[in-house]
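# Structure at a glance
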Amino acid sequence: MSHHIGEACGTPFQPKAPSSMGGGCINTAIRLSDGISHWFVKLNQASRLDMFEAEAEGLRELADAGAIRVPRPLCTGMADGQAYIVMEYIPLGGNSSGARAGEQLAALHRHQAEAFGWKRDNTIGSTRQPNHWTADWVDFWRRHRLGFQLEEAARNGLGHNIQRLGERLMESFPALMDHAPAPSLLHGDLWGGNLGHDDRGNPVIYDPATYYGDREAEIAMTELFGGFGKAFYDAYDAVWPLDSGYRTRRTFYNLYHILNHANMFGGGYVGQSGRMMEQLLAELG
Ligand code: ADP
């Protein structure tokens with residue numbers, strides 16, 4: 001890995017002993033440093049190389065937009081039977097009201113594509129996330145987000161209730177989602193654990209599940225596990241206000257993540273998915 005880092009940077013790299021960064025949600029993280037350059041490295045089993053390649057491409061796409069700070073990826077590869085991704089190490093822990101993150105996220109969402117999806121599939125948590133380019137947003141969400149997670153739920157045996165509610169929801173889908181947003185560049189997995197601040201208080205986002213989609217899906221996820229605070233939402237709205245229909249669609253968008261958690265962890269997320277689907281079907285009348 002050190003050799004690969006040296007090659008990628010164009011100068012030999014001989015790190016001191018790595019320091020463990022503890023585990024993230026999915027991977028083992030270490031910091032590698034030779035006293036001059038510092039790298040953040042994530043490790044996982046060999047079969048996860050593809051996941052890291054997609055993460056590197058996602059980080060690059062977000063960084064290239066130049067709207068919000070993102071660790072620059074350096075390389076991905078295999079060492080001692082393990083897959084790795086190496087990226088810029090950014091000391092996190094700075095303070096911020098959240099306002100700058102709101103402003104800069106709105107600027108990121110101004111970067112748009114011609115269609116919904118992305119150039120490749122990637123991963124959300126540890127689940128595959130399909131991103132086939134699709135012209136219509138409702139079609140994209142129905143097939144590649146909600147539909148895909150429901151298929152996973154069937155494979156994982158999450159129960160008849162989820163299947164029955166899921167089928168009804170898939171039928172009612174167009175009526176619930178009468179909406180034609182622009183394809184915005186999204187982080188894709190933006191909960192509180194994937195936003196930090198550098199030592200100057202600049203927001204930094206990492207661990208993305210990048211694709212082009214409705215920006216409301218991103219904002220919905222920021223509200224899912226605790227919220228980002230009033231300053232964040234006020235600043236976002238000041239740059240690009242959300243449509244009034246957002247509140248209705250929020251549950252729809254977050255159902256994707258809760259179903260994904262049900263697929264990854266089971267437990268209480270299965271019941272929560274069912275309740276969210278019942279609520280959405282009740283709104284239909
Ligand atoms: P996982 O993919 O396992 O969830 P993350 O990418 O979320 O791992 O990283 C785990 C933690 O490491 C983050 O919560 C953050 O505190 C820190 N971190 C992530 N990226 C960097 C980076 N480039 N530089 C320094 N610290 C980072």
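Conventions we followed
Residues numbered from 1 in each chain as written. Predicted model: local features only at pLDDT ≥ 70, side-chain atom pairs only at ≥ 80, totals over all residues. Heavy atoms only, no water. Core = buried A, V, L, I, M, F, W, Y, C linked by side-chain atoms within 4.5 Å. Buried < 20%, exposed > 50% of the residue type's maximum accessible area, 1.4 Å probe, protein only. Helix = DSSP H or I, 4+ residues; strand = E, 2+ residues; numbered from the N terminus. Salt bridge = Lys/Arg side-chain N within 4 Å of Asp/Glu carboxyl O. Domains from an automatic or database assignment. Contact = heavy atoms within 4.5 Å. Buried area = accessible area lost by both parts, 1.4 Å probe. Polar contact = N/O pair within 3.5 Å; in protein donor to acceptor, adjacent residues only side chain to side chain. Nonpolar A, V, L, I, M, F, W, Y, C, P; charged D, E, K, R; others polar. 1 Å grid on protein atoms, 1.4 Å probe; cavity = no way out; pocket = protein on both sides within 12 Å on 5 of 7 lines; lining within 4 Å. Points joined across faces, edges and corners; volume = space filled by probe spheres on them. Near = heavy atom within 4 Å. Areas by Shrake-Rupley, 256 points an atom, 1.4 Å probe, with all protein chains shown as cover. Sits in = over half its atoms within 2 Å of the grid points.

## A closer look at the nonpolar core
Counting 67 residues, the largest nonpolar core has Trp141, Leu146, Leu169 and Phe252 as its most contacted members. Per element, the largest residue contribution to this core is eight residues, and it comes from helix α8 (residues 246-265). Membership of the second largest hydrophobic core comes to 11 residues, among which are Ile30, Leu32, Trp39 and Val41.

## Here we look at the pattern of salt bridges
Tallying each qualifying case throughout the model produces 16 salt bridges. With a shortest N-O distance of 3.0 Å, Asp64 and Arg72 are connected by a salt bridge. The residue Arg69 makes a salt bridge to Glu88 at a minimum N-O spacing of 2.8 Å. Residue Arg69 is located in the loop between α2 (49-65) and β4 (73-79), and its partner Glu88 is located in strand β5 (residues 82-88); the two are separated by 19 residues in the primary sequence. With a relative accessible area of 32%, Arg69 lands in the partly exposed category. By relative accessible area, Glu88 is classed as partly exposed at 22%.

## Remarks on the domain arrangement of the chain
Splitting the chain by domain gives domain 1 (2-88) and domain 2 (99-282). For domain 1 versus domain 2, the distance between C-alpha centres works out to 26 Å. The interface of domain 1 with domain 2 comprises 20 residues on the first partner and 27 residues on the second. A combined buried area of about 2000 Å² lies between domain 1 and domain 2, and 63% of that area is made up of carbon and sulfur atoms. For Arg69, the salt bridge is made with Asp198, and the minimal N-O distance between the two is 2.9 Å. Our count for the contact surface shared by domain 1 and domain 2 stands at 10 residue pairs in polar contact (both at pLDDT 80 or more). Residue classes in the side of domain 1 that touches domain 2 are distributed as 11 nonpolar, one polar and eight charged.

## Comments concerning the layout of surface pockets
Within this model, the largest pocket holds a volume of roughly 860 Å³. For the largest pocket, the lining is made up of 45 residues, of which Cys25, Lys42, Asn194, Tyr206 and Asp207 are closest to its centre. Elements supplying a minimum of two residues to the lining of the largest pocket: β1 (19-23), β2 (28-33), β3 (38-45), α2, β5, β6 (122-124) and α8. With five residues, α8 is the largest single contributor of residues to the lining of the largest pocket. Class assignment of the residues belonging to the lining of the largest pocket gives a composition of 25 nonpolar, 15 polar and five charged.

## Focus: the site of the ligand
Around the ligand, a shell composed of 17 residues is seen, among which Cys25, Asn27, Lys42, Glu88 and Ile90 lie nearest. Lys42 is positioned with one of its side-chain polar atoms (N or O) 2.7 Å from an oxygen atom of the ligand. In isolation the ligand has 550 Å² of accessible area, and contact with the protein removes 85% of it. Put simply, the ligand lies in the largest pocket. Going through the elements one at a time, β3 and β5 are the ones with two or more residues in the shell around the ligand.

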